[in-house]
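Below, each chain spelled out in residue letters.
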Amino acid sequence: MHDMDHRLLSALRDCGTDPRVASAARALSRTGEHGLLWIAAGLAGAAVDRERRSAWLRGTALTAAAHLASMGVKRIVRRPRPGDPEGIEPLVRTVGRHSFPSSHATSAAAATVAYGALRPVSAHLVPPLAAAMCVSRMVVGVHYPSDIAAGAALGALTARVGAAWMNGGHSDA
């Protein structure tokens, strides 16, 4: 697993040598810090979709909770980010020095599950953006593929476990 993690990371990081790819990956990485893109999307959904406002707000809370859970796991696991020993120069600075699980992947997967359940348009728009965000973290060289997989699993599980709560609130309409 360790070898495959390093080979896949190296291959994806090499994609970042193209300035256009690097620029897009940096932008996705920045917008995903602290789950901000997904929290903003959930709040926008709540503002626009009055019929499901409570569900959007709860989905946003689930997304934020998943992100916080990933930060807690990072403090326990304490896996260092890719770097010098592997010859991988990151294209972005990171807030923390631990990589497992990817908090970007956690919040992206949580948003995919939570928001995708609310409106068909969300089910079509969020997953490709979430996948691009996950891949961007490897392109910029700050996560191993296993970090991404674990983060996505944690986010999806968090949102799935909270789905009944998300959909069980009273409508604000």
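Look up: the structure comes first, before these words.
Residue indices begin from 1 for each chain and proceed along its sequence in written order. Under the rules for a predicted model, residues below a pLDDT of 70 receive no local features and side-chain atom pairs below 80 are neither given nor counted, while totals for whole chains, interfaces and linings still include all residues. Note: side-chain values were computed over all heavy atoms of the structure, leaving out hydrogens and water.

What about helix 2 (residues 19-31)?
Part 1 of the argument: By the criteria applied, helices consist of DSSP H or I runs no shorter than four residues and strands consist of E runs no shorter than two, each listed in order from the N terminus. In this analysis, the expected span of each helix is defined as 1.5 Å times one less than the number of residues it contains. For helix 2, built from 13 residues, the straight-helix expectation of 18 Å at 1.5 Å per residue is met to within 8% by its first-to-last C-alpha distance of 18 Å.
Part 2 of the argument: Those residues of helix 2 not exposed but buried are A22, A25, L28 and S29. For helix 2, the arc enclosing every buried residue in end-on projection is 130°, short of the 170-degree limit, so these residues lie on one face. Along helix 2, exposed side chains directed more than 90 degrees from the buried face belong to P19, R20 and R30.
Part 3 of the argument: We call two residues contacting when some pair of their heavy atoms lies within 4.5 Å. Here the buried face of helix 2 lies against helix 5 (103-116) and helix 6 (120-139).
Part 4 of the argument: Each polar contact in these results corresponds to two N or O atoms within 3.5 Å; when the atoms are within protein, one needs to be able to donate a hydrogen and the other to accept it, and residues that are neighboring in sequence are counted only if both atoms are side-chain atoms. Here helix 2 starts with a cap whose side-chain oxygen sits 2.8 Å from the backbone nitrogen of R20, and that cap is D18. Exposure classes here rest on a 1.4 Å probe applied to the protein chains alone. A residue is buried below 20% of its type maximum, exposed above 50%, and partly exposed in between. Taken from the helix axis, the directions to the C-beta atoms give the arc we talk about.

Some remarks on the layout of surface pockets
Part 1 of the argument: Of the two site types, the cavity is a set of points on a 1 Å grid over the protein atoms alone where a 1.4 Å probe fits but cannot get out, and the pocket is an open set with protein on both sides within 12 Å along at least five of seven lines, each lined by residues with an atom within 4 Å of a point. Grid points are joined across faces, edges and corners, and a volume is the space filled by probe spheres set on the points. In this structure, the largest pocket encloses a volume near 340 Å³.
Part 2 of the argument: Looking at the largest pocket, it is lined by 16 residues, and the ones nearest its centre are M71, K74, R81, V95 and G96.
Part 3 of the argument: Counting residues per element, the ones that place at least two in the lining of the largest pocket are helix 4 (53-77) and helix 5.
Part 4 of the argument: Gly is placed with the polar residues, together with every amino acid not listed as nonpolar (Ala, Val, Leu, Ile, Met, Phe, Trp, Tyr, Cys and Pro) or charged (Asp, Glu, Lys and Arg). Here the lining of the largest pocket is built from residues that sort into two nonpolar, eight polar and six charged.
Part 5 of the argument: As for the second largest pocket, its lining consists of 14 residues, and the residues nearest its centre are A41, A44, G45, W56 and S122.
Part 6 of the argument: Those elements that place two or more of their residues in the lining of the second largest pocket are helix 3 (36-48) and helix 6.
Part 7 of the argument: Top element by residues in the lining of the second largest pocket is helix 3. It accounts for six residues.
Part 8 of the argument: For the lining of the second largest pocket, a count of residues per class yields 10 nonpolar, two polar and two charged.

Some details on the side chain of D5
Part 1 of the argument: Looking at the element boundaries, D5 is found in helix 1 (residues 2-15).
Part 2 of the argument: The contact partners of D5, leaving out residues within four places of it in the chain, are R79, Y144, P145 and S146.

What about the packing of aromatic side chains?
Part 1 of the argument: When two rings of Phe, Tyr or Trp (its six-membered ring) have centres within 6.5 Å they constitute a pair, described as stacked for plane angles under 30 degrees, edge-to-face for angles over 60, and tilted for the intermediate range. One pass over the full model with this rule turns up one aromatic pair.
Part 2 of the argument: Ring plane angle 40° and centroid distance 5.2 Å describe the contact between W56 and Y115, whose orientation is recorded as tilted. Here W56, found in helix 4, pairs with Y115, found in helix 5; they are 59 residues apart in sequence, far enough to count as distant. Neither W56 nor Y115 differs from the other in exposure class; each is buried.
Part 3 of the argument: Either the NZ atom of lysine or the CZ atom of arginine qualifies as a charge over a ring when it sits within 6 Å of the ring centre and within 35 degrees of the ring normal. Just above the ring of W165 sits the side chain of R58; from NZ or CZ to the centre is 5.5 Å.

Remarks on helix 3
Part 1 of the argument: With 13 residues, helix 3 extends 18 Å from end C-alpha to end C-alpha; this agrees with the ideal 18 Å at 1.5 Å per step.
Part 2 of the argument: Buried residues of helix 3: W38, G42, G45 and A46, and no others. One face of helix 3 carries all of its buried residues, which in axial projection span an arc of 100°. Exposed residues pointing more than 90 degrees away from the buried face of helix 3 are listed as A47 and V48.
Part 3 of the argument: Contacts from the buried residues of helix 3 go to helix 4, helix 5 and helix 6.

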